[in-house]
Amino acid sequence: MKNEKVSIISSNCLRGLVCGASLLVLSICFSSNIFAQKNKTEQNPIKKGDMVMGIVQDINENPLEDIKVLESSVEDRVMTFSTTTSGGDFSIKVVNPKDSIKIRHKGYQEVSLPLDKKFYTITLKPIADSSAKDVAEVK
């Protein structure tokens, strides 16, 4: 009788260990799947139809009004655009996430940025001379 109880207890312990190990393996598999999906989403969080927003400002962090912010295709065609408000705010509904954001405004260096996030703070730099390269500071 005593050996039967030990055998039953050992059998129950073994089942518990197997179940616990199985749950651990399943947990690891599911969590790695979740992280893999999260990283994939973070690589290109923008999809067609998403709203991209931001602020356009000068180097003194003053908002710039009436600046055209373009969604520009690889072929340099304007897909859509927005004009900044008095607060420098803009928003664009994305046509193609492979496009870029472009700003060309008299007196400022041209800005071209990939569509890879949902909010931008874009600082336009004045053109110092005609040989200045196109540079933008993005936060």
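The present account deals with the structure reproduced in this document. (Residues numbered from 1 in each chain as written. Predicted model: local features only at pLDDT ≥ 70, side-chain atom pairs only at ≥ 80, totals over all residues. Heavy atoms only, no water.)

### Re the overall build of the protein chain
Looking only at helices and strands, the protein chain features one helix and eight strands. Tracing the protein chain from N to C terminus, the helices and strands come up as α-β-β-β-β-β-β-β-β. Taking all 139 residues of the protein chain together, the buried fraction comes to 24%. Taking the contacts inside the protein chain whose residues are at least 6 apart along the sequence as the reference set, 52% of them involve residues at least 24 apart. Surface summary for the protein chain: the accessible area is close to 9800 Å², and the carbon and sulfur share equals 58%. (Helix = DSSP H or I, 4+ residues; strand = E, 2+ residues; numbered from the N terminus. Buried < 20%, exposed > 50% of the residue type's maximum accessible area, 1.4 Å probe, protein only. Contact = heavy atoms within 4.5 Å. Areas by Shrake-Rupley, 256 points an atom, 1.4 Å probe, with all protein chains shown as cover.)

### Focus: unusual backbone geometry
Even without being a glycine, E61 presents a positive backbone phi close to 65 degrees. With respect to the helices and strands, the residue E61 is situated in the loop between β1 (51-57) and β2 (68-72). In this structure E61 comes out as exposed when scored by relative accessible area, which is 51%.

### Quick look at the environment of I101
In this fold, I101 is placed in strand β5 (residues 100-103). Once you skip the residues sitting within four places of it in the chain, I101 turns out to touch V52, V69, L70, V111, S112, L113, L115, Y120 and I122.

### Some points on the pattern of salt bridges
One pass over the structure, following the stated rule, counts six salt bridges. In this structure, the salt-bridge partner of K47 is D50, at a minimum N-O distance of 3.8 Å. Take D50: its relative accessible area is 12%, and that puts it in the buried class. Here the salt bridges share partners, and the residues they tie into one network are D76, K102, R104 and E110. (Salt bridge = Lys/Arg side-chain N within 4 Å of Asp/Glu carboxyl O.)

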